[in-house]
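# Summary of the model geometry
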Amino acid sequence: MGKQDGSGRELNAYEKVLAEDCRVMREMFRVRIGGAHAGLVTAVFIVVLFAAIGGTVWALIVGGAVAFWFTNALIAVVGGGRRGWAAVKRAYVLTFGWAGWL
C-alpha cells in the first residue's frame, strides 16, 4: 500500500513524484550547525580582512551588516514562535548556515 495523506486515501503517481521532489529539495537546502560554524569563521575572517585593508570604518560597516542580518533573523524566529536558546540557535543557523553549501 502506498503513502496516504491526511484524508486516508492513497496518493496517485503525480502526488508521489511531487512528494519525493519536495523531500529531495528539503534535504538539498537543509542547513546544519556545522555549516553555520564555518559561516561564522568566514564572516569573522572577512571582517578582519576589511579591518586590515580598509580600516576600522569598513570593518564596522561589514560587521554591522552581519549583526543586522542576525538581529532580523532573530526577530523573525521569535515572531515564528521559538523562544530562548532555540530561537538564538535558529537565527545563528539562518545567518551563517550558508557556508554548509560551499
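Higher on the page you've got the structure.
A brief look at the structure comes next. (Residues numbered from 1 in each chain as written. Predicted model: local features only at pLDDT ≥ 70, side-chain atom pairs only at ≥ 80, totals over all residues. Heavy atoms only, no water.)

### Describing the pattern of salt bridges
Here the structure, examined in full by the defined rule, presents two salt bridges. Put simply, Lys 16 and Glu 10 hold a salt bridge, and the shortest N to O gap is 4.0 Å. Classification of Lys 16 by relative accessible area gives partly exposed; the value is 38%. A salt bridge links Arg 23 to Glu 20, with the nearest nitrogen and oxygen atoms 2.6 Å apart. Of this pair, Arg 23 and Glu 20 both sit in helix H1 (residues 13-28), three residues apart, which is roughly one turn of that helix. The class of Arg 23 is partly exposed, set by a relative accessible area of 41%. (Salt bridge = Lys/Arg side-chain N within 4 Å of Asp/Glu carboxyl O. Buried < 20%, exposed > 50% of the residue type's maximum accessible area, 1.4 Å probe, protein only. Helix = DSSP H or I, 4+ residues; strand = E, 2+ residues; numbered from the N terminus.)

### Quick look at the packing of helix H3 (residues 56-79) against helix H4 (residues 84-96)
In helix packing, the relevant descriptors are the interaxial angle and the interaxial distance, both defined with respect to the helix axes. Across the interface, H3 lies against H4 with an axial gap of 8 Å and an inter-helix angle of 135 degrees. In terms of orientation, H3 lies oblique with respect to H4. Once H3 is placed against H4, the crossing between them reads as right-handed. Side by side, H3 and H4 meet where Val 66, Trp 69, Phe 70, Ala 73, Leu 74, Val 77 and Val 78 of the first sit next to Ala 87, Val 88, Arg 90, Ala 91, Tyr 92, Leu 94, Thr 95 and Phe 96 of the second. For the contact of H3 with H4, the per-class residue count stands at 13 nonpolar, one polar and one charged. (Axes fitted to C-alpha atoms, helices over the stretch in contact; angles between N-to-C directions. Parallel < 35°, antiparallel > 145°, perpendicular 65-115°, else oblique. Left-handed = near helix turned anticlockwise from the far one by under 90°. Contact = heavy atoms within 4.5 Å. Nonpolar A, V, L, I, M, F, W, Y, C, P; charged D, E, K, R; others polar.)

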